[in-house]
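Listed below are the residues making up each chain.
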Amino acid sequence: MSSPEEATDKRGRWRPELGLALVVLGLGVFVVVGTLDVSAAASRLGPGPRFFPMLVGGAMILIGLFYVADVLRGGHGDPEESEDVDAAAPADWRGVGLVSGVFLAFTAVLDVLGWVIAGSLLFFGLSVALGAEHRLRAAVIAVVLATGTYLVFVKGLGVTLPAGLLSGVI
């Protein structure tokens, strides 16, 4: 069995860890640049609307830079030690495709069907894609979750979510 250093030499400088580090760095830059377009007035009571996005974006840039430096100096991720995960197993592209399809379908029907129906379909579709054996139970839980989150956000927090087909009913 080869050591991580030997594996690094065989693969060259490019490794998955470097890809993740560059994604974190890129997302940080994206957040900071996007926040520069926010043109709301600063609050007299506290930090303005740019403060927290800039804080998060700056932290992501800093973490990304440190992560890139660590990977280029030979740092590597620890192997998975979970008892139910086989790190050598191939990727489950069927599952990735199903989950991606469920999310894409959700975004396509959200405005038309509304949060409760689209969210129920989202939660049910994800549970089936991830291997739920009891479909009726998964459907009931999906409806309860979607309805509960709708009520918490709309009635409790005052956040507007699309009502869709249930407009005026809920």
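First, a word on scope: everything that follows refers to the structure included in this document. This is a predicted model, so every value here is computed, not measured.

1. Here we look at the nonpolar core
Counting residues in each nonpolar core, the largest one holds 10 residues, listed as Val102, Phe106, Leu110, Trp115, Val116, Ala118, Leu122, Leu126, Ala146 and Tyr150. By residue number, the principal contributor to this core is helix α5 (residues 115-129), which donates 5 residues. Setting aside chain neighbours within four positions, we find Tyr150 in contact with Trp115, Val116, Lys155, Leu161, Pro162, Ala163 and Ile170.

2. Here's the deal with helix α6 (residues 135-156)
The end-to-end C-alpha distance of α6 is 30 Å, a good match for the 32 Å that 22 residues give at a rise of 1.5 Å each. Residues of α6 that are buried: Ala138, Ala142, Ala146 and Tyr150. The arc enclosing the buried residues of α6, seen along the axis, measures out at 95°, which places them on a common side. Away from its buried face, by an angle of more than 90 degrees, α6 presents the exposed residues Leu136, Val144, Lys155 and Gly156. On its buried side, α6 packs onto α5. At the exit of α6 stands Gly158, carrying a positive phi of roughly 75°.

3. Things to note about the packing of aromatic side chains
The geometry of an aromatic ring pair comes down to the distance between the two centres and the angle between the two planes. Tallied over the entire structure, the rule returns 3 aromatic pairs. Their ring planes at 80° and their centres at 4.9 Å tell us that Phe51 and Phe52 sit as a pair that is edge-to-face. Both rings, one in Trp115 and one in Phe123, keep their centres 6.3 Å apart while their planes meet at 80°; by these two values the pair is edge-to-face. Accessibility expressed as a relative area gives 24% for Phe123, which makes it partly exposed. One aromatic cluster in this structure is built from Phe106, Trp115 and Phe123.

Each value, and the rule that gives it
- Residues numbered from 1 in each chain as written.
- Predicted model: local features only at pLDDT ≥ 70, side-chain atom pairs only at ≥ 80, totals over all residues.
- Heavy atoms only, no water.
- Core = buried A, V, L, I, M, F, W, Y, C linked by side-chain atoms within 4.5 Å.
- Buried < 20%, exposed > 50% of the residue type's maximum accessible area, 1.4 Å probe, protein only.
- Helix = DSSP H or I, 4+ residues; strand = E, 2+ residues; numbered from the N terminus.
- Contact = heavy atoms within 4.5 Å.
- Expected span 1.5 Å × (residues − 1).
- Arc of directions from axis to C-beta.
- Phe/Tyr/Trp six-rings, centres within 6.5 Å; stacked < 30°, edge-to-face > 60°.

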